Amino acid sequence: PLVYVAHLRTFLLLYLILWSMESAANHGWVSIPIVFAASWGLLGIEAAAVECERPFQWQSNHLPLGKVGVVVSRNVAQTLINAAGL
């Protein structure tokens, strides 16, 4: 749901901003690459979670619902033909 995504994204970004500020203040500029890599990973997980919520869209990385429907209908038709003994 949109509310969940907005809530998660808001608090994740707030956490990452505060974490980077705290880390830079306590450990210096050396910690910035580590925080960047961890932030990139966490934001990637969040983006993947959003994509998993909508698996059936007309984009290249989504499931081919049209093709799946055709295969299912062919399989059902074949099963009905075999059950009828034709």
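The shown structure was predicted, so the numbers you read here are calculated from the model rather than taken from an experiment.

Participant: Even after reading the chapter, I still don't get the side chain of Glu46, so can you show me in this structure?
Facilitator: Mapped onto the fold, Glu46 is located in helix H2 (residues 32–53). Residue Glu46 is classed as buried on the basis of its relative accessible area, which comes to 8%. Beyond its immediate stretch of four places on either side in the chain, Glu46 contacts Val5, Leu8, Arg9 and Leu12.

Participant: Would you explain the pattern of salt bridges in this entry?
Facilitator: Should the charged atoms of two oppositely charged side chains come close, the side chains can pair. In this structure the tally under the stated criterion is 1 salt bridge. Residue Glu46 is joined to Arg9 by a salt bridge in which the shortest nitrogen-to-oxygen separation is 3.1 Å. With Glu46 in helix H2 and Arg9 in helix H1 (residues 2–27), this pair connects stretches of sequence that are 37 residues apart.

Scoring rules and cut-offs
Residues numbered from 1 in each chain as written. Predicted model: local features only at pLDDT ≥ 70, side-chain atom pairs only at ≥ 80, totals over all residues. Heavy atoms only, no water. Helix = DSSP H or I, 4+ residues; strand = E, 2+ residues; numbered from the N terminus. Buried < 20%, exposed > 50% of the residue type's maximum accessible area, 1.4 Å probe, protein only. Contact = heavy atoms within 4.5 Å. Salt bridge = Lys/Arg side-chain N within 4 Å of Asp/Glu carboxyl O.

Read these as spatial facts, not as claims about activity.
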